[in-house]
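Below, each chain spelled out in residue letters.
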Amino acid sequence: LFIAVVTFVGAFALMINLHVTLALITVVIVPLMVWVVAVYGARMTRSWRDIYARVGAFNVRLEEAISGIRVVQAFANEDHEETLFARDNAAYRRTKLSAYAIMAKASAIHYMGLRFVQVVVMVAGAGFVLEGSLTTGGFVGFLLLVSVFFRPLEKIAAVIETYPRGIAGFQRYTELLQTDRDVRDRPDAVAVTVTQGEVAFEDVSFAYDSPLPVLHNVTLTAKAGETVAFVGPSGAGKTTLLALLPRFYDPSGGRITIDGIDIADMTLNSLRSQIGLVSQDVFLFGSTLRENILYGKLDATAAELDAAVENAQLGALVSALPEGLET
């Protein structure tokens, strides 16, 4: 931008020095270029935001169809998924074509505007040479300066194509970063070390987005060292109840305490680091078996690692793998 501005101003100053009227005729193109940048630049930004949204929907469709391939196959819905994929693909194509149409119009207006001014300058300059107000050498020099003068405008036209693409992606990125978390530390939250481990649910209620509560005024106490099992039909709220303890969600009513301390008064890190969790849905990170096992305790010793392998009954599996824990 700096180089473009310096080149633009410098070339215009030299053109003024050669012939004021011809320089003013040349600068008429500038308002048109400003209009192109303002109008078509904004349209391009909106178009690219739509394109990135389409790409997001397209990727979600693809990721879900692949990760849920067993479900798709189980219900023989391959044709249905192909139809949905084709629909998203077509929507993306339409959005991309509309962006290219806007780009084409902007480029055409810019190109034709510059070339029209060049023709006017050549015709008017020839007239000034004939009437004697401009020398032939001055006219040739002026034409060369016009090329230098237009170069920054051509760079700005190139920016119209690249800048909206970047700013649209950046805006989507910042919107994601600015999304507030539903569960966060209170301003006065403190790091707490659990000494006993007595867990109490006091009149706890919870609902997702629905007005119907999943949990309603649940009160219970699990004493330190005590083993408690929650048994009930699917959808009764067992997983939801336990998800409230590490504050994956906050209850809509009541409170949960550990050793008499409200978990909302604890920092999330100190609370969760003291809770052992075995998920009902198995998830493996794309790294080695060793790194996956160590995820629960990153600084575990070799003896603790071996104990974890044995407790999980993975010993035979690890021994059978050619690379063992490095698989």
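To start, this report covers the structure provided alongside it. (Residues numbered from 1 in each chain as written. Predicted model: local features only at pLDDT ≥ 70, side-chain atom pairs only at ≥ 80, totals over all residues. Heavy atoms only, no water.)

## Description of the pattern of salt bridges
- One pass over the full model with this rule turns up 9 salt bridges.
- With a shortest N-O distance of 3.0 Å, Arg 49 and Glu 175 are connected by a salt bridge. Of this pair, Arg 49 sits in helix H3 (residues 29–67) while Glu 175 sits in helix H6 (residues 136–177), and the two are 126 residues apart along the sequence.
- On the accessibility criterion, Arg 49 (26% relative accessible area) is partly exposed.
- On the accessibility criterion, Glu 175 (43% relative accessible area) is partly exposed.
- As a salt-bridge pair, Arg 61 and Glu 81 come within 3.9 Å of each other at their nearest N and O atoms. Of this pair, Arg 61 sits in helix H3 while Glu 81 sits in helix H5 (residues 78–131), and the two are 20 residues apart along the sequence.
- Linked by salt bridges that have partners in common, Arg 61, Glu 81, Arg 87 and Asp 88 make up one network. (Salt bridge = Lys/Arg side-chain N within 4 Å of Asp/Glu carboxyl O. Helix = DSSP H or I, 4+ residues; strand = E, 2+ residues; numbered from the N terminus. Buried < 20%, exposed > 50% of the residue type's maximum accessible area, 1.4 Å probe, protein only.)

## Concerning helix H2 (residues 20–27)
- Along H2, the residues that are buried comprise Leu 22, Ala 23 and Thr 26. The buried residues of H2 occupy an angular sector of 100° when the element is viewed end-on, so they sit on one face. (Arc of directions from axis to C-beta.)

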